[in-house]
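A look at the structure
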Amino acid sequence: MIKPERLRDGDTIGFIAPSYRAKRDPIERAAENLRNLGYKVKFSKNLFSTTNVYAGSIEERAEDFNAMIADPAVKM
């Protein structure tokens, strides 16, 4: 079994929207709560984009997902 490392103060948590677009207010509140707990927050490039009801095109959402996973600074 692979267990991820425990998050530590100052670690970065990434936000992506791999399907439907994210609503800004709830995401901003969640991010602020995480910052108050000592974490850094990173939003994907297309998190708040709108293509119909989606967070960007299929390609843009896939790019966001892959970029967040490939970013060594993002721990969760």
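Residues numbered from 1 in each chain as written. Predicted model: local features only at pLDDT ≥ 70, side-chain atom pairs only at ≥ 80, totals over all residues. Heavy atoms only, no water.

1. Notes on the side chain of R61
The condition is simple: In DSSP terms, a helix is any run of H or I states spanning at least four residues, a strand is any run of E spanning at least two, and both are numbered starting from the N terminus. Note on classification: 1.4 Å probe, protein chains only; a residue is buried when its accessible area is under 20% of the maximum for its type, exposed when over 50%, partly exposed between these limits. Counting rule applied: Lys, Arg positive; Asp, Glu negative; His and chain ends not counted. Definition used for salt bridges: Asp or Glu carboxyl oxygen within 4 Å of a side-chain nitrogen of Lys or Arg. By the criterion applied in these results, polar contacts are pairs of N or O atoms within 3.5 Å in which, for protein atoms, one can donate a hydrogen and the other can accept it, and in which residues neighboring in sequence qualify only through two side-chain atoms. Any two residues whose heavy atoms approach within 4.5 Å are treated as being in contact.
In this fold, R61 is placed in helix α2 (residues 58-70). In this structure R61 is buried but unpaired, with E60 as the nearest side chain of opposite charge at 6.9 Å. Polar contacts involving the side chain of R61 include one to the main-chain carbonyl oxygen of G56, which spans 3.1 Å. If near-sequence neighbours (up to four positions away) are discounted, R61 is found in contact with A17, P18, S19, Y54, A55 and G56.

2. Description of the nonpolar core
Taken as a class, soluble globular proteins show a tendency for nonpolar side chains to be buried jointly. This is how the line gets drawn: Here, the term nonpolar core denotes a set of buried Ala, Val, Leu, Ile, Met, Phe, Trp, Tyr and Cys residues that are joined through side-chain atoms within 4.5 Å.
I13, F15, A17, A22, I27, A31, L34, Y39, V41, L47 and A55 together form the largest nonpolar core, which totals eleven residues. Among the elements of the structure, β1 (12-15) and α1 (24-36) are those that each provide at least two residues to this core. Looking at this core element by element, the count peaks at three residues for α1. If near-sequence neighbours (up to four positions away) are discounted, A55 is found in contact with A17, S19, Y20, R21, N46, L47, S49 and R61.

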